[in-house]
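Remarks on the overall topology
Each chain, written out:
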Amino acid sequence: MIINKKHRASSWWSLLVAVSLFIVLSTYVCEVQAAAVMSVDLGSEWMKVGVVSPGVPMEIALNRESKRKTPATLAFRDGVRTFGEDALTVGIRDPSSAYGYLIDLLGKTIDNPIVDLYRKRFPYYDIIGDPERNTIIFKKNDKEQFLVEELVAQILMKAKEFAQESTHQPITEAVLTVPGYFGQAEREALLTAAQLANIKVLQLINDYTAVALNYGVFHPSGINETAQYYIFYNMGASSTSAAVISYQLVKDKHTKESHPVVEVLGVGYDRTLGGLEIQLRLRDYLADEFNAMRKTSTDVKTSPRALAKLFKEAGRVKNVLSANMDHFAQIENVLEDQDFKLQISREKLEEICADLWPRIIKPLERALAHSGLSLNTISQVIIFGGGTRVPKVQDTIKQFIKEDLGKSLNADEAAAIGAVYKAADLATGFKVKKFVVKDAAVLPIHVAFERETGNGAEIKHVKRVLFGLMNSYPQKKVITFNKHTSDFQFHVCYGDLTHLSSEERLFVGATNISLVELEKIKDLLEKMSNESVEAKGIKAYFALDDSGIFRCTGVEYVYDKQKIEEDEGTLAKLGNTISKLFSKDSKEEDKKAEDIKEEVGEDEKIKDEKSEEKVNMENEDKHNKTTAEKNLDEKENNKKNETVKIVTIKEPVQHKVTFQFTPPLTGKSYELALEKLNAINKAESMRSRLESSFNALESHIIDIQQKLEEDEYASCLTSEEKQKILSECSAISDWLYDDSDKTTHDMYETKLNDLKMLTNVFMARHWEHEERPEAVKALDNMIDGAQQFLENAKNLTKDANPERDVFTQIEIDTLSRIIDETVTWKNAETEGQNKLQRHEKVRLTVKDITDHMASLDREVKYMVNKIKIWKPKPKPTAKSDKKTNKKNEESETEEMGSGFGNETQSDDHLSSQQSPDEDIKVNTTEQSTTTPRTEL
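Residues numbered from 1 in each chain as written. Predicted model: local features only at pLDDT ≥ 70, side-chain atom pairs only at ≥ 80, totals over all residues. Heavy atoms only, no water.

To be explicit about the condition: UniProt positions are given in the numbering used here, feature names are shortened, and annotations may be inferred rather than shown by experiment.
Where an unreviewed UniProt entry is consulted, the chain appears under the name Hypoxia up-regulated protein 1, with the organism given as Glossina austeni. One UniProt comment on the chain, placed under Subcellular location (unreviewed entry), says "Endoplasmic reticulum lumen". UniProt, in its Sequence similarities (unreviewed entry) section for the chain, records the words "Belongs to the heat shock protein 70 family."

What about the overall build of the chain?
Heads up, the rule is: Only DSSP runs of H or I reaching four residues or more are called helices, and only runs of E reaching two or more are called strands; each is numbered from the N terminus. Remark: exposure states derive from per-residue accessible area (1.4 Å probe, protein chains only) relative to the maximum for the residue type, with buried under 20%, exposed over 50%, and partly exposed in between. Whether two residues are in contact is decided by their heavy atoms: any pair within 4.5 Å suffices. Areas reported here follow the Shrake-Rupley algorithm with a probe of radius 1.4 Å; residue values treat only the protein chains shown as occluding.
Tallying secondary structure elements over the chain gives 25 helices and 29 strands in all. Considering the chain as a whole, with its 936 residues, one finds that 43% of them fall into the buried category. Considering only residue pairs separated by 6 or more positions, the chain has 72% of its internal contacts joining residues 24 or more positions apart. About 51800 Å² of surface is accessible on the chain, with carbon and sulfur atoms providing 50% of the total.

Describing the packing of helix H18 (residues 667–707) against helix H21 (residues 745–793)
When two helices pack together, their arrangement is given by the angle between their axes and by how far apart the axes lie. The following threshold applies: Note on geometry: axes are C-alpha line fits, over the in-contact stretch for helices, and angles between N-to-C directions span 0 to 180 degrees. For classification purposes, an angle smaller than 35 degrees is called roughly parallel, one larger than 145 roughly antiparallel, one from 65 to 115 roughly perpendicular, and anything else oblique. Take the far helix as your reference; a near helix turned counterclockwise from it by less than a right angle gives a left-handed crossing, and one turned clockwise gives a right-handed crossing. All amino acids are sorted into three groups, where Ala, Val, Leu, Ile, Met, Phe, Trp, Tyr, Cys and Pro are nonpolar, Asp, Glu, Lys and Arg are charged, and the leftover types, Gly among them, are polar.
Their axes nearest at 9 Å, the elements H18 and H21 cross at an angle of 25°. One finds that H18 runs roughly parallel with respect to H21. Seen from above, H18 lies across H21 with left-handed handedness. Between H18 and H21, the contacting residues are Met686, Arg689, Leu690, Ser693, Phe694, Ala696, Leu697, His700, Ile701, Ile704 and Lys707 on the first element and His745, Asp746, Tyr748, Glu749, Lys751, Leu752, Leu755, Lys756, Thr759, Phe762 and Met763 on the second. The class makeup of the residues in the contact of H18 with H21 is twelve nonpolar, four polar and six charged.

Remarks on the pairing of strand E12 (residues 200–206)
Note the threshold: At least two bridges found by DSSP between two strands are what make those strands a pair. Here is how to tell: hold the view so the strands point away, follow the path from the first strand over the helix to the second, and if it runs clockwise the crossover is right-handed.
Along E12, five of the seven residues are buried, which leaves the element largely enclosed by surrounding structure. Two elements, strand E11 (residues 173–178) and E12, share six bridges in a ladder whose sense is parallel. Bridge assignment links Val175 to a residue of E12, and that residue is Gln203. This β-α-β element, E11 to helix H5 (residues 184–196) to E12, shows right-handed connectivity.

Here we look at the sheet that holds strand E5 (residues 74–77)
In any sheet, the strands associate via hydrogen bonds between backbone groups, in a parallel or an antiparallel arrangement. If you trace the three strands from one edge of the open sheet to the other, you get E6-E5-E7, paired in antiparallel fashion. Every interior strand has two partners, whereas the edge strands, strand E6 (80–83) and strand E7 (98–99), have only one. Examined bridge by bridge, E5 and E7 share two bridges and lie antiparallel to one another. From the neighbouring strand, Ala75 faces E7, where its bridge partner is Ala98.

Digging into the confidence of the model for the chain
Detailed conclusions should not be drawn from predicted coordinates in areas where pLDDT is low. Here is the rule we go by: On a range of 0 to 100, pLDDT expresses the predictor's confidence in each residue.
Scored by pLDDT, the chain has a mean of 83; 80% of the residues are at 70 or more. Mean pLDDT across the elements of the chain bottoms out in helix H1 (residues 11–33) (33) and peaks in E12 (97). Ignoring residues within four places in sequence, the model shows residues 1–34, a span with pLDDT below 50, making 27 contacts including any to other chains.

Remarks on the packing of helix H2 (residues 84–93) against helix H8 (residues 304–321)
With their axes 7 Å apart at the nearest point, H2 and H8 run at an angle of 135° to one another. The angle between H2 and H8 falls in the class oblique. Between H2 and H8, the contacting residues are Gly91, Ile92 and Arg93 on the first element and Arg305, Ala308, Lys309 and Lys312 on the second. Its residues assigned to classes, the contact of H2 with H8 comprises two nonpolar, one polar and four charged.

Some details on the packing of aromatic side chains
Applied cut-off: The pairing test for Phe, Tyr and Trp rings, Trp by its six-membered ring, is centres within 6.5 Å, and the orientation test on the planes gives stacked under 30 degrees, edge-to-face over 60, and tilted for anything in between. Over a ring means this: the NZ of a Lys or the CZ of an Arg is within 6 Å of the ring centre and within 35 degrees of the ring normal.
The final tally for this structure, using the stated rule, is 33 aromatic pairs. Taken together, a centroid distance of 5.4 Å and an interplanar angle of 55° make the contact between Tyr215 and Tyr230 tilted. A residue pair is termed long-range when its members are at least 10 positions apart, and Tyr215 in helix H6 (residues 207–218) and Tyr230 in strand E13 (residues 228–235) qualify at 15 residues. As far as burial versus exposure is concerned, Tyr215 and Tyr230 are alike and both buried. Summarising the aromatic geometry, the rings of Trp735 and Tyr748 are spaced 5.5 Å apart at their centres and angled 65° between planes, so their arrangement reads as edge-to-face. You can see Trp735 sitting in helix H20 (residues 719–736) and its partner Tyr748 sitting in helix H21, a full 13 residues away along the chain. Relative accessible area serves as the criterion here: at 24%, Trp735 is assigned to the partly exposed category. For Tyr748, a relative accessible area of 6% puts it in the buried group. Each member of the aromatic cluster is reached from another via a ring pair, and the members are Phe76, Tyr99, Tyr101, Tyr118, Phe122, Tyr124, Tyr125, Phe138, Phe146 and Phe311. Lys69 extends its terminal NZ or CZ atom over the ring of Trp46, reaching a point 4.3 Å from the ring centre.

What to know about unusual backbone geometry
Put simply, Tyr473 and Pro474 share a cis peptide bond, and its omega is 10°. Tracing the chain through its elements places Pro474 in the loop between strand E22 (472–473) and strand E23 (475–481). For His168, which is not a glycine, the phi torsion comes out positive at approximately 60°. Along the chain, the position of His168 falls in the loop between helix H4 (148–167) and E11. Of the residues examined, His168 reaches a relative accessible area of 68% and is grouped as exposed. In this model, Lys402 sits at a positive phi of 60°, which is unusual for a non-glycine residue. With respect to the helices and strands, Lys402 occurs in the loop between helix H11 (391–401) and helix H12 (414–426).

Considerations on the side chain of Thr388
For clarity, the threshold we go by: Counted as a polar contact is a pair of N or O atoms within 3.5 Å, where, for protein atoms, one must be capable of donating a hydrogen and the other of accepting one, and residues adjacent in sequence contribute only when both atoms are in side chains.
Inspection of the secondary structure assignment puts Thr388 in the loop between strand E18 (380–384) and H11. At 2.6 Å, the side chain of Thr388 forms a polar contact with the backbone oxygen of Gly385. Discounting residues that sit within four places of it in the chain, Thr388 has contacts with Tyr233, Met235, Ile383, Val393 and Gln394.

Some points on the pattern of salt bridges
Definition in use: For this analysis, a salt bridge means a side-chain nitrogen from Lys or Arg found within 4 Å of a carboxyl oxygen belonging to Asp or Glu.
For the coordinates displayed, the defined rule picks out 41 salt bridges. A salt bridge links Glu149 to Arg133, with the nearest nitrogen and oxygen atoms 2.9 Å apart. Pair noted here: Glu149 is in helix H4 and Arg133 is in the loop between strand E8 (127–129) and strand E9 (136–139), with a separation of 16 residues, a long-range link. Exposure remark for Arg133: the relative accessible area of 7% places this residue in the buried category. Ionic pairing is found between Glu504 and Arg271, a salt bridge with its closest N-O pair at 2.6 Å. Of this pair, Glu504 sits in helix H13 (residues 502–508) while Arg271 sits in the loop between strand E15 (258–270) and helix H7 (275–293), and the two are 233 residues apart along the sequence. Residues Glu504 and Arg271 agree in their burial class; the two are buried.

So this is what it looks like as structure tokens:
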């Protein structure tokens, strides 16, 4: 250790800074823990999780295998739940136990054509209808049945787990992506699944909208006051969509600030066209080729396990053919111990899927048609989604647009990053650049009701459009009913769907959204008929929120009513105000006037009485004439001061809303589902703890047995101790591998603790023997440095250098004594320790060495600090009196007799003298980092 001007910082100051920094960091961490949010891009095949927390940029959370995307699959087998790649492995052995491609089954009834298509694609599932809601249930056996919401909820739980492990913080809020064609039933089902997973959904965002937001955030330079148009084309695993998007800077009417706006203008989609369909075509082709080889008499399509193997290999080959012209498909033991190998070219794959390629352009054409724009106005077509990696897909789009495709986005992660940006915008604790998002309604919504035309005519059926095709949202609407005088009802339904194909209209399912029944209308109208009111009608309020969820937010009866208010007039109001200001002064003047009147003499009073009699006679006649006129004037003034105001009053109308789409999971059914998931999570937690405790005990036994075979460890214990430990390890090992179902994690943990108490003795001895040489070396270096410091310090005493008497003789002697004692102790203990064998009790421990190092270090630091604060004494002047000289002599005597005195003088004298610590250097070799050192 070298002491010079660069190392004069006070240890107390360092400690204060460290404590302050710790407090600041602790506060910051608390804020961070409350703010982290996530996004989940839950696709049919893959799941991507985005996270953001203060101080950490937007990023993708990694899974347990350190991969950025996870298969959206879970499996149940032998009471064990698995996710991702592990679930896919289970799906090969037992296909009916692994559940994937679930997103399109949300909100669907058992009779929906999409369910039939799912059965056709994956024939090994037993799908039944829910007796209460008529939704889908996967039946594994009589005891194990799963709703789609339950399965999706468990996948979302795993996504939440990945996000929390990535940020090291609890997360409860998220933004979820959904396909743009999702209707009310699908969106409600996904919200229910998120609720089961204990996730607060900030918003559901359409996948193409999330990608468009991502592009706008990371490419802001191209956004200005002139609208720029792009098409975002997405081919995922199960669907394909195209969206026409506009970017423009728009000035806010209130703040007068300009903000970028991303708006969806047109959308086209194909619900069943995607990478999955290509993979299924290839799977069926491989199955036909295997059957054609006639290796077995069994049709390979009748074997679920063989079909699952072919499906997995078809996916691998499809991905390889995206980059290569041909490849071999090869599977071991496809069926009845028969292997399969077949060469497939890209040309053959394109031939198999020949009927799919014309469908690629349809979403583009529909999106342009709905937006009202031509292809010439589009700046670029940007592709994303895993299916767009297929060369034929890209070539088909290029031929249509006659331009190069935009490939600047990450095809897999673009939606997740855009959604997590929206999550940061909606969550508290983040401040992001404002980016206004306007989505568009893919399915129009209208209101249908009946109206009586009167005179016994037929009832008229009326429809009113609420949210037309491609109307932007979030948005609110109001409909007024003027002709109804009794209770009535109206339906909210999907509107004109002629823009969809006949097949797609079947996939949409029930077109009714909700039924709103208005009650006690007649009583309300009769109540208002007694008052002078002007009816404005019954108003129903509707909203389509950011998540695309439709709601009837309220119903009110609105009317105008007259209200009479008295008006004092402008001058009267002004006069009253002024009079209030001077009321105090006027009261004082009145009092003074009364005092003056009391001083008037008797003679003046008599004169006044006589004159008053004449005046009273004249005034009586005038008073009688003006009384009638005065009454008329007062009536006219009252009428003028009265003001009639029109007040609009809204009376709530009693109504009942009934959902008519696929009923969401609520009530008792929801509680049962929640209990089931909690039981599964608890069982998995117990199993995970059991496995962890088993693995910890097993690894410790193996580690100890291996160490006892090495000389450096075996020499640290006696033969009796070694035999005892080996016997205990053998006994526990036999018990560990006993096939007993009664073992618990507590039993494993208890065995591990008992074994560690037995083995820690020799492990501690080994550690002491390994660490002692470094500790002794560090002590020697410290002793050498202290001795050098002592030699230099002896030159800074009053006897050796009167002008620089920094240290007293007592301080010098104290340091010398501590050095000698430390050297003597070290030599004696080292000699004694060298006489001991490695298995005997340690005499010279590392802790003893560090304690002596701390004692020596403390004394040296005291003297170093004294050098820092030392200042030379002022020279006496001729003008100083005897009393002052005597006092200085006394203080010098006290400082010579104390080992802890600190000389302090003014800064004026310090500037003219050289500090003694400039000449002192303590050369101490750096200590080993393995040896702790105590500093005060």
